[in-house]
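As a plain string of letters, each chain reads:
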Amino acid sequence: MALKQQLQQKQQQRLSPLQMQVIKLTELPNIELEERIKQELVDNPALDEGHDDSDDFKTDDERDDFDDSGEISQEDIALGDYLTEDDIPDYRLTSNNSSSVAREDIPFSSAESLHESLVEQLHLTELTGDDAKIAEYIIGSIDENGYLDRPLNAISDDLLFQQNIDVSNEKLQSILEEVQSFEPAGIGARDLQECLLLQLKRLDESDAVEKAIRILSRHFDDFTKRHYDKIKRALNVDDDELKQVIQVIVSLNPKPGNNWGDALAQTMNTIIPDFIVEAYNGELFMSLNNRNIPELRVNREYSEMLRGYSENKKGVTSETKNAIAFVKQKLDSAKWFIEAIKQRQETLQRTMQAIVDLQYDFFLTGDESNLRPMILKDIAELAGYDISTVSRVSNSKYVQTNFGVYPLKYFFSESMQTEAGDEISSREVKAILKECIEGEDTKKPLTDDKLAEILKEKGYIIARRTVAKYREQMNIPVARLRKNL
């Protein structure tokens, strides 16, 4: 086949450095933005803190470069989903977006992690050489809940191929048991049954503990299905004795890794709100929390340095050319970063204002019943942004109100209608469901069908499967698992 040369013309849309900066910075909450700015000030000598009250020192070339960057469009930001390699927070176009989000604390501290704690405990053991490497590999395979999420034979294969360590499953089991002796109790378990048993074996011996171990060892399936009659017959105990044993079991922690992290988070972490919404004399005032966000400007010395290079074009050496390229690159980077911060602030301001406008009554009163149904698409239309932009703004951001601090996702919920045709938020229905379940007879808990009937009597026409979905979103188990003796 003969070789041919052809000219081909095609259009491609690429993100400029400014556009990429805006996409990344929009996602960051305030506390992470502070760190990002600090790091940029360290990395780029052409960027300074302080108010830039003059641009007289800019050359014409610099102004042209800056103007060419232009304002970034929302279409450009949306294209970030496809044209950048960074992970973008998930968002949904359907109306059930974020309806399960409740008020919560998100830790931001850089404190010691669970894995770091386990490695420190490993250093206090007598394990050395390959045994210590094996233990460290096992620790690295423990997930955030504290469970070992890989089978021992898979770990054995990895150790052989990656570290040239040939170890039997029996030896792995022995080293795993050493890791399982670390704090917190239950760490390194391969399933819930093993996790609870590991914790029970560390408790002081008693009749209730001994019976709890027997239940979890021999009757775990019956216990999880609440088949208490079978357990009573097998252990030959009455209701009171079984209640004592069950109380021991339910006091255990099914996710020891989370418990470790939560305890640390409660003592070390605080939330810094990104927005402040204040109600005063029947009016709302919204602002960005820029208290710790410094003003930024381009370093004057670097700009004058570039001007000097531009004016002195005689006798330019290769070293001078490299210096010019370096200075220009740093100046461009500083200007892009400053502009990206400005556009981030404008995007956050407009998006939050749209949320305030839609949820005005709630921000004024703090009454949850005043929350209106709201999805990402609603805010995108009000703010004039793409849905993906609204998703980035609402991700990991918080607002301080007269009634507490809320994550932005708290305000998103789907729309429902009552029998009278009034539009309500699914959050209101969930509150009723929770109230019904909290007031139920625990010996005869309400089924999803019964809950649907109760809601219908109150004027909410909701299918059983929708009741089940809301119950699961609130982490409430099915009626069978809510049953008590």
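Residues numbered from 1 in each chain as written. Predicted model: local features only at pLDDT ≥ 70, side-chain atom pairs only at ≥ 80, totals over all residues. Heavy atoms only, no water.

- Under an unreviewed UniProt entry, the name given to the protein chain is RNA polymerase factor sigma-54, and the source organism is Dysgonomonas capnocytophagoides.
- Database annotation for the protein chain, UniProt heading Sequence similarities (unreviewed entry): "Belongs to the sigma-54 factor family." (UniProt positions renumbered as here; feature names shortened; annotations may be inferred.)

**Concerning the packing of aromatic side chains**
Piece 1. Tallied over the entire structure, the rule returns eight aromatic pairs.
Piece 2. Between Phe362 and Tyr406 the ring centres are 5.4 Å apart and the planes differ by 80°, which places this aromatic pair in the edge-to-face class. In this pair, Phe362 sits in helix 17 (residues 360-365) while Tyr406 sits in strand 6 (residues 404-407), placing the two residues 44 residues apart along the sequence. As far as burial versus exposure is concerned, Phe362 and Tyr406 are alike and both buried.
Piece 3. Three or more aromatic residues joined by ring pairs form one cluster here, namely Phe362, Phe363, Tyr406, Tyr410 and Phe411. (Phe/Tyr/Trp six-rings, centres within 6.5 Å; stacked < 30°, edge-to-face > 60°. Helix = DSSP H or I, 4+ residues; strand = E, 2+ residues; numbered from the N terminus. Buried < 20%, exposed > 50% of the residue type's maximum accessible area, 1.4 Å probe, protein only.)

**Quick word on the pairing of strand 3 (residues 283-288)**
Piece 1. Burial along strand 3 is one-sided: Leu284, Met286 and Leu288 are buried, while Glu283, Phe285 and Ser287, pointing the other way, are not.
Piece 2. Here six bridges tie strand 2 (residues 275-280) to strand 3, and the two strands are oriented antiparallel to one another. In the sheet register, Ile276 faces strand 3, and the bridge partner there is Ser287.
Piece 3. Where strand 2 folds back onto strand 3 in an antiparallel hairpin, the turn is made up of two residues, including Asn281, whose phi is positive at roughly 50°. (Pairing = 2+ DSSP bridges.)

**Considering the sheet that holds strand 2**
Piece 1. Read from one edge of the open sheet, four strands run 3-2-5-6, paired in mixed fashion. The open sheet has two edge strands, strand 3 and strand 6, and neither has a second partner. Strand-to-strand twist in this sheet, taken as the mean axis angle between neighbours without regard to direction, amounts to 20°.
Piece 2. Where strand 5 (residues 398-401) meets strand 6, four bridges bridge the pair, whose relative direction is antiparallel. Residue pairing in the sheet places Gln400 in a bridge with Val405 of strand 6. (Axes fitted to C-alpha atoms, helices over the stretch in contact; angles between N-to-C directions.)

**Quick word on the side chain of Asp448**
Piece 1. Along the chain, Asp448 turns up in helix 21 (residues 448-457).
Piece 2. Within the structure, Asp448 has its side chain in polar contact with the side chain of Arg471 (distance 2.9 Å).
Piece 3. Those residues in contact with Asp448 that sit more than four places away from it in its chain are Arg464, Val467, Ala468 and Arg471. (Polar contact = N/O pair within 3.5 Å; in protein donor to acceptor, adjacent residues only side chain to side chain. Contact = heavy atoms within 4.5 Å.)

**Things to note about the packing of helix 6 (residues 129-140) against helix 8 (residues 169-179)**
Piece 1. Where helix 6 meets helix 8, the axes come as close as 10 Å, and the angle between the chain directions of the two elements is 65°. As judged from the angle between their axes, helix 6 and helix 8 are roughly perpendicular. Like other packed secondary-structure pairs, helix 6 and helix 8 cross with a definite hand, here right-handed. When helix 6 is examined against helix 8, the residues Asp131, Ile134, Ala135, Ile138 and Ile139 are found in contact with a partner set consisting of Lys171, Leu172, Ile175, Leu176 and Val179.
Piece 2. For the contact of helix 6 with helix 8, a count of residues per class yields eight nonpolar, no polar and two charged. (Parallel < 35°, antiparallel > 145°, perpendicular 65-115°, else oblique. Left-handed = near helix turned anticlockwise from the far one by under 90°. Nonpolar A, V, L, I, M, F, W, Y, C, P; charged D, E, K, R; others polar.)

**Considerations on unusual backbone geometry**
Piece 1. The linkage connecting Glu183 with the following residue, Pro184, adopts the cis geometry, with an omega of 0°.
Piece 2. By the secondary structure assignment, Pro184 is in the loop between helix 8 and helix 9 (192-200).
Piece 3. Phi is positive for Asn281, close to 50°, though the residue is something other than glycine.
Piece 4. Among the secondary structure elements, Asn281 is positioned in the loop between strand 2 and strand 3.
Piece 5. Residue class for Asn281 comes out exposed when judged on its relative accessible area of 66%.
Piece 6. Even without being a glycine, Ser396 presents a positive backbone phi close to 60°.

**Structural notes on the nonpolar core**
Piece 1. In terms of nonpolar packing, the biggest core is built from 29 residues, with Phe275, Met352, Phe363, Val399 and Phe411 touching the most fellow members.
Piece 2. At six residues, helix 16 (residues 318-358) tops the list of elements feeding residues into this core.
Piece 3. Excluding residues within four positions of it along the chain, Phe411 makes contact with Gln359, Phe362, Phe363, Leu371, Arg372, Met374, Val399, Tyr406 and Arg427.
Piece 4. Formed by 22 residues, the second largest nonpolar core is a distinct cluster that contains Tyr137, Ile139, Phe182 and Ile187. (Core = buried A, V, L, I, M, F, W, Y, C linked by side-chain atoms within 4.5 Å.)

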